[in-house]
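This is what each chain is made of:
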Amino acid sequence: MKWIRIFWLLLVAASIVGVTVGTSAGLWKHTKLGLDLRGGYDLVYQIDSQGQALTASDKQAVLTAVQLRVDAAGIGSPNIQLEDQNRIDVQLAGTYSAQQANRIIGQTSQLGMYASAKVKTENGQLLPYTPQNAAIPNSTIVPSGPALVTGKDLKSNASYQQDPQRGDVVAVTFKNPGEWQFITTRYLGKTIYTFLGSQMINSARVTQITPNGQTEITGMTPQQCVLLAKELNAGALPYPLHLVSSTTVGPSLGALSLQTTMRAGLVALVLIFAFMMFVYRTAGVIANLSLIAYGYISLALFSGLGIVLTLPGLAALVLGIGMAVDANIISYERVIDELNSGKSLMSSVIAGNRRALRTIVDSNVTTFVAGIVMYMVGQGDIKGFAMALMLSVATSFLTSVFLSRTMLLQLAKTKILHSSVWFGFGKRRLQTR
Amino acid sequence: MKQFNIVKHRKWFFLLSSLITVAGLIVFAVKGFNLGPDFKSGSRIQMQGSFSTAQVEHIFKDAGVNVSPSEIAYGGTTGNSVTIVRLPEVLTTQQASALTHQWTKTQIDTVDPFAAEVTSHKAVLAVLFASLFIMAYVAIRFEVRFAVSGIVALLHDAFIVMSVFALFRIEVNLLFVTAVLTIVGYSINDTIVIFDRIRENLKLQKPKTLAELEEVTDKSLWQTMRRSINTVTTVLIAAVSLYFFGGPTLHHFTLALIVGLISGAYSSIFIASPLWVAWRSRQLTSAVK
């Protein structure tokens with residue numbers, strides 16, 4: 001009976017270590033890493049709804065439009081989410097240009113054609129648009145009056161073409177040919193000014209009435225044409241977006257952060273293992289085994305649930321080790337108290353664990369409550385940290401309560417430990433029955 | 001061995017904490033926080049490696065940004081030094097791209113004024129709400145006096161960390177808020193374990209006088225002392241390892257944690273429980289009369 005118990009204990013210990021060593025590398029490969037750990041861009045946009053409340057379908061439309069845009073630019077595995085009712089967080093991993101990404105995501109719907117344009121001089125004076133005025137140093141060309149048409153009015157079939165007469169052009173089709181026919185009729189012989197964002201890309205005289213809704217936008221380089229065609233095809237944004245914050249992490253800095261944090265975690269783990277074995281002896285070994293299980297289950301949860309692991313998240317997990325240890329310490333101190341009061345090892349383990357459980361539940365729940373509040377109130381990094389904290393509290397509770405106490409109970413049942421030295425206190429003979 | 005009577009000497013601990021708190025308040029009033037771009041609009045560029053002023057100016061000039069020497073700071077632990085440039089203006093994504101392209105070990109954060117304001121509001125809200133919910137839970141599971149004493153100790157810890165950061169002009173960013181919230185969680189966690197023991201001992205022995213109440217509380221504190229010390233030691237091992245071996249991004253975060261963990265362990269023993277005794281004893285004397 002005694003030997004079977006010892007065998008089972010060793011088997012559990014071996015499988016915890018074995019499964020962890022054997023499969024954690026595979027799990028790690030499937031874990032999504034945050035931008036701070038692999039480099040990339042985190043762009044936060046404010047949806048400018050001009051003071052109107054956004055409905056759920058509005059938000060969905062903005063999200064879809066942003067998704068379409070990012071996809072059209074060929075950026076792989078973006079992470080796009082709505083934050084805070086009127087903000088969009090776009091995370092892009094990789095090493096392409098953030099400037100390009102920002103243009104694609106935020107600035108497209110601002111294509112507009114206007115019936116007139118003015119020249120704004122350095123001191124804010126507005127002059128009529130003429131080539132002479134436009135050449136004034138430090139002046140900018142601004143649209144005047146409402147837009148005749150915008151990017152929203154175009155079909156998603158814009159394409160870059162090389163026109164024999166006009167050179168590099170973007171060929172576009174209007175959704176409503178009648179409207180374009182009306183505009184070309186009204187402005188026949190007059191000039192129409194096309195703006196992309198705050199920049200005028202061309203001014204062209206309307207030379208004919210166009211009934212089929214097709215036209216061409218000129219005045220750009222081939223690269224600009226390709227980009228504009230992509231942007232127009234990605235669909236118009238229902239509302240303008242303003243970039244409110246951005247974080248750019250170079251890829252080698254990300255890799256370095258990951259490496260140093262992992263190394264720090266490893267050092268912490270080794271020191272904690274040594275500390276626990278020094279103070280609590282056999283019980284410390286059990287605590288260490290449950291710590292390994294804690295680490296493994298946390299990794300499996302991150303990998304399985306597809307949670308993005310960020311630097312703060314990693315910090316929360318390393319910190320969670322300390323919290324998992326606390327539950328073990330509370331239990332062992334209780335067991336030692338019971339042993340001191342002269343009980344046998346078996347009843348000490350049972351009574352000590354029972355008394356410790358209520359304390360552990362209360363202390364874990366309070367930390368969990370803090371995690372929930374952080375998750376609900378916080379955003380971005382704080383949300384990620386809170387998520388990792390809640391996961392680590394739950395996991396540490398499971399491993400340090402159920403796994404540790406079961407193993408300790410089995411150890412007590414083997415009746416092989418006859419001295420209190422094995423539990424790191426005094427030097428007394430233990431009553432084993 | 002005669003154990004030190006913690007509760008009896010409570011006024012000294014209250015005095016010590018009050019002095020630190022008042023000193024912290026003065027520092028706040030005079031200097032305020034050294035806010036990072038998470039809370040103040042602008043740009044923060046962190047580059048791995050140590051660069052001279054001329055080198056930094058050169059790197060930034062190539063990206064089309066002018067940097068003055070006063071905007072350059074150095075940080076980081078030994079071995080991997082870090083150059084930090086803080087600009088009052090928000091870098092364009094084009095400039096940011098140019099910088100990251102030139103120097104790949106770079107992190108650039110930009111925030112506009114509106115976003116910074118929203119973020120700082122949320123940070124304060126998070127601390128207040130967390131305290132409120134924790135208090136409600138403790139009040140339900142224990143009693144109101146425990147809840148209030150625990151929250152005082154918890155706010156004490158959060159405050160001490162903030163004072164230290166204000167005093168030494170250490171940059172405060174969003175990660176700092178995360179650290180404060182973690183400390184809040186740890187501090188209450190630590191306090192509750194001790195309260196739990198006091199509650200248990202109260203059932204065995206109902207104190208009738210102040211001396212008896214002090215004795216029960218002291219006994220509870222000493223019964224949980226080994227656990228308190230061992231727990232804070234292991235958590236500190238984790239935090240200190242992160243401080244010395246972790247990346248520079250986590251540097252301020254772990255520093256806040258270390259200060260807060262020590263303060264948390266201290267306040268659980270020397271502030272929260274004595275505070276509870278002081279409050280509870282009032283009811284004791286009135287009940288006797």
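Preceding this paragraph is the structure being described.
Residues numbered from 1 in each chain as written. Chains lettered and ligands numbered in written order. Predicted model: local features only at pLDDT ≥ 70, side-chain atom pairs only at ≥ 80, totals over all residues. Heavy atoms only, no water.

Some details on the overall build of chain B
Right, so step 1: A count of helices and strands for chain B gives nine helices and six strands.
Right, so step 2: Oriented by its inertia axes, the alpha-carbon framework of chain B measures out at about 80 × 40 × 30 Å.
Right, so step 3: Residues counted as buried form 57% of the 289 residues belonging to chain B.
Right, so step 4: When contacts within chain B are restricted to residue pairs at least 6 apart in sequence, those whose partners lie at least 24 apart make up 77%.
Right, so step 5: Total accessible area computed for chain B in this model is approximately 12500 Å², and 67% of it derives from carbon and sulfur atoms.
Right, so step 6: Side chains of chain B carry 25 positive and 18 negative charges; the gap between the two charge centres is 13 Å. (Helix = DSSP H or I, 4+ residues; strand = E, 2+ residues; numbered from the N terminus. Buried < 20%, exposed > 50% of the residue type's maximum accessible area, 1.4 Å probe, protein only. Contact = heavy atoms within 4.5 Å. Areas by Shrake-Rupley, 256 points an atom, 1.4 Å probe, with all protein chains shown as cover. Lys, Arg positive; Asp, Glu negative; His and termini not counted. Charge placed at Lys NZ, Arg CZ, Asp CG, Glu CD.)

Some thoughts on the interface of chain A and chain B
Right, so step 1: Taken together, the contact pairs 66 residues of chain A with 64 residues of chain B.
Right, so step 2: Summed over the three residues of chain A that lose the most area to chain B, namely Leu253, Arg358 and Asp362 of chain A, the buried surface amounts to 10% of that side.
Right, so step 3: Our count for the contact surface shared by chain A and chain B stands at eight salt bridges.
Right, so step 4: The interface formed by chain A and chain B contains 14 residue pairs in polar contact (both at pLDDT 80 or more).
Right, so step 5: Listing elements by their share of the side of chain A that touches chain B, those giving two or more residues are strand E1 (40–47), helix H4 (98–106), strand E12 (241–249), helix H8 (251–305), helix H9 (311–340), helix H10 (345–377) and helix H11 (381–414) of chain A.
Right, so step 6: Looking at which element gives the most residues to the side of chain A that touches chain B, the answer is H8 of chain A, with 17 residues.
Right, so step 7: Looking at side-chain class alone, the side of chain A that touches chain B contains 35 nonpolar, 21 polar and ten charged residues.
Right, so step 8: Sheet topology places E12 of chain A next to strand E5 (residues 106–111) of chain B; five bridges connect them, and they run antiparallel. Bridge pairing in E5 of chain B links Thr247 of chain A to Asp109 of chain B. (Buried area = accessible area lost by both parts, 1.4 Å probe. Salt bridge = Lys/Arg side-chain N within 4 Å of Asp/Glu carboxyl O. Polar contact = N/O pair within 3.5 Å; in protein donor to acceptor, adjacent residues only side chain to side chain. Nonpolar A, V, L, I, M, F, W, Y, C, P; charged D, E, K, R; others polar. Pairing = 2+ DSSP bridges.)

Some words on the environment of Glu57 of chain B
Residues and elements named next belong to chain B.
Right, so step 1: Its place among the elements puts Glu57 in helix H2 (residues 53–62).
Right, so step 2: Glu57 sits twelve residues away from Pro69 along the chain, and the two C-alpha atoms are 8.2 Å apart.
Right, so step 3: Once residues within four sequence positions are removed from consideration, Glu57 is found in contact with Val67 and Pro69.

Side note on empty space enclosed by the protein
Over the atoms, a rolling probe the size of a water molecule traces out where space has been left empty.
Right, so step 1: Across all of its chains, the model carries six cavities of 30 Å³ or more by this definition.
Right, so step 2: Its boundaries defined by the atoms lining it, the largest cavity holds a volume of some 80 Å³.
Right, so step 3: Every residue lining the largest cavity is listed: Ile330, Glu333, Arg334 and Thr359 of chain A together with Val193, Arg197, Gln223, Thr224 and Arg227 of chain B.
Right, so step 4: When contributions to the lining of the largest cavity are tallied by element, the ones reaching two or more residues are H9 of chain A together with helix H6 (174–204) of chain B.
Right, so step 5: Counting residues per element, the lining of the largest cavity draws most heavily on H9 of chain A, at three residues. (1 Å grid on protein atoms, 1.4 Å probe; cavity = no way out; pocket = protein on both sides within 12 Å on 5 of 7 lines; lining within 4 Å. Points joined across faces, edges and corners; volume = space filled by probe spheres on them.)

Focus: unusual backbone geometry
Right, so step 1: The residue Arg281 of chain A is not glycine, and still its phi comes out positive at about 50°.
Right, so step 2: In this structure, Arg281 of chain A sits in helix H8.

Some remarks on the nonpolar core
Right, so step 1: In terms of nonpolar packing, the biggest core is built from 120 residues, with Met276 and Leu408 of chain A together with Ile134 of chain B touching the most fellow members.
Right, so step 2: Formed by 22 residues, the second largest nonpolar core is a distinct cluster that contains Met113, Ile192, Leu196 and Leu232 of chain A. (Core = buried A, V, L, I, M, F, W, Y, C linked by side-chain atoms within 4.5 Å.)

A word on the pairing of E12 of chain A
Right, so step 1: Sheet topology places E1 of chain A next to E12 of chain A; eight bridges connect them, and they run antiparallel. Residue pairing across strands places Leu43 of chain A opposite Ser246 of chain A, the latter belonging to E12 of chain A.

As far as function goes, none of this settles anything; it's purely spatial.
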